[in-house]
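Residues per chain, in single letters:
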Amino acid sequence: MGTAPNTVKNNNILSPPRPCVRYAFYMTSTTAKPRRSNGLAGPAAKGVDRVLISKTRLQRRVKELAAELSAEYAEGEVVCVGALNGVICFLADLVREMDIPAPVELVHVDRFIDERGHTVEMPNPFRESLRGRDVLIVEDIVDTGVTLKLLVDKVLAENPASVKVCTLLDKPAHREVDVQIDYVGFSIDPVFVVGYGLDYEGFYRNLPFVGVVDSAVWPPALLERPKFDS
Ligand code: IMP
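Residues numbered from 1 in each chain as written. Predicted model: local features only at pLDDT ≥ 70, side-chain atom pairs only at ≥ 80, totals over all residues. Heavy atoms only, no water.

Caption draft 1: Structural context of the pairing of strand S5 (residues 110-114). Pairing between S5 and strand S6 (residues 117-121): 5 bridges, direction antiparallel. Across the sheet, residue Ile 113 finds its bridge partner in S6, namely His 118. Where S5 folds back on S6, the antiparallel hairpin that results is connected by 2 residues. (Pairing = 2+ DSSP bridges. Helix = DSSP H or I, 4+ residues; strand = E, 2+ residues; numbered from the N terminus.)

Next up, the structure:
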């Protein structure tokens, strides 16, 4: 497996959500409450305004990506490197849909702001040797690209046979660092999203869908940029 060119494949551009779909019921009945069958009703989703990507769409796209990756690495195996905690749901679902050997290597990335600005560090080395192996960096979301750049540099320093990148979500409008992504689940607008592993202040990771937090609940200024706690 060589270092093939990094091209974006199956980049699903999401169209803007239709406004107020779940209030349509009011137009036909004044007595019944609107049905919230999309998962927004439960306490875990408190403060989530709308579903951006449903559980069904996530499952379908993860299967598609897994099929493409299984074909890409059909000749051998691929080490899947993921940064905790945001990637937990996507990585777990992705590798279970792949039908090739796919060892998993999880790392911690510390994010903070110092005199250099938005800074990321990976405090612990990889436990698995990546030398001479095909490596797939699996990301939950690429925003500025700073975290992905760090991961790519760290993996390259281990002298792997090849490095490719697969992210569930991509926010290209926020990019500050030039990074190459080979597989993208969904390209989204620069909104702050939660669910399916992604958090806001530690919450919402266990939602089965990707949703947008209600800007009336959380001030928009806080949501424009991610908190560096994941
Ligand atoms: P980047 O370094 O700016 O690309 O940020 C990547 C990391 O920031 C992700 O791995 C997430 O942990 C976090 N992040 C970026 N955007 C969001 C979001 O919309 N929701 C939740 N976390 C986010």
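Caption draft 2: Examining the nonpolar core more closely. By size, the foremost hydrophobic cluster in this structure holds 31 residues, and its most contacted members are Phe 90, Leu 94, Met 98, Leu 169 and Val 193. Contributing elements (two or more residues each) for this core: strand S2 (48-53), helix H1 (55-72), helix H2 (88-97), strand S7 (134-142), strand S8 (162-170), strand S9 (183-187) and strand S11 (210-213). Per-element tally for this core: the top contributor is H1, with 5 residues. Other than its neighbours up to four places away in sequence, Met 98 contacts Ala 66, Leu 69, Ser 70, Val 78 and Cys 80. Listed in part, the 23 residues of the second largest apolar core include Val 81, Val 120, Val 146 and Val 165. (Core = buried A, V, L, I, M, F, W, Y, C linked by side-chain atoms within 4.5 Å. Buried < 20%, exposed > 50% of the residue type's maximum accessible area, 1.4 Å probe, protein only. Contact = heavy atoms within 4.5 Å.)

Caption draft 3: Representation of the packing of aromatic side chains. Applying the stated rule across the entire model yields 1 aromatic pair. Seen in terms of ring centroids, Phe 192 and Tyr 200 are 5.7 Å apart; in terms of plane orientation they differ by 85°. Their pairing is edge-to-face. Neither Phe 192 nor Tyr 200 differs from the other in exposure class; each is buried. (Phe/Tyr/Trp six-rings, centres within 6.5 Å; stacked < 30°, edge-to-face > 60°.)

Caption draft 4: How the structure looks around the environment of Gly 76. Within the secondary structure, Gly 76 sits in the loop between H1 and strand S3 (79-84). Taking the C-alpha atoms as reference points, Gly 76 and Arg 133, 57 residues apart in sequence, are found 9.7 Å from one another.

Caption draft 5: Quick peek at the pattern of salt bridges. All told, the structure shown has 10 salt bridges when counted by the stated rule. Among the ionic pairs, Glu 72 bridges to Lys 164, the shortest N-O distance being 3.1 Å. With Glu 72 in helix H1 and Lys 164 in strand S8, this residue pair connects regions lying 92 residues apart in the sequence. Each member of the pair, Glu 72 as well as Lys 164, carries the same accessibility label: buried. Taken together, the salt bridges that share partners define one network made up of Glu 77, Glu 128 and Arg 133. (Salt bridge = Lys/Arg side-chain N within 4 Å of Asp/Glu carboxyl O.)

Caption draft 6: Just the packing of H1 against H2, in detail. Closest axis-to-axis distance for the H1/H2 pair is 8 Å, and the angle between their directions is 55°. One element, H1, and the other, H2, form an angle in the oblique class. Where H1 crosses over H2, the handedness of that crossing is right-handed. Two secondary-structure elements touch here, H1 through Val 62, Lys 63, Leu 65, Ala 66 and Leu 69 and H2 through Phe 90, Asp 93, Leu 94 and Glu 97. (Axes fitted to C-alpha atoms, helices over the stretch in contact; angles between N-to-C directions. Parallel < 35°, antiparallel > 145°, perpendicular 65-115°, else oblique. Left-handed = near helix turned anticlockwise from the far one by under 90°.)

Caption draft 7: Spotlight on unusual backbone geometry. Of note, the amide linkage connecting Leu 84 to Asn 85 takes the cis form, showing an omega dihedral of 0°. For Asn 85, the location among the structural elements is in the loop between S3 and H2. For Asn 159, which is not a glycine, the phi torsion comes out positive at approximately 60°. Take Asn 159: it is sitting in the loop between helix H3 (146-156) and S8.

Caption draft 8: A look at the state of the cysteines. For the structure on display, the rule yields 0 disulfides. This cysteine, Cys 80, is not joined by any disulfide, and Cys 166 carries the nearest cysteine sulfur, 8.5 Å off. A residue is classified by how much of its surface remains accessible, and Cys 80, at 0% relative accessible area, is buried. (Disulfide = S-S within 2.5 Å.)

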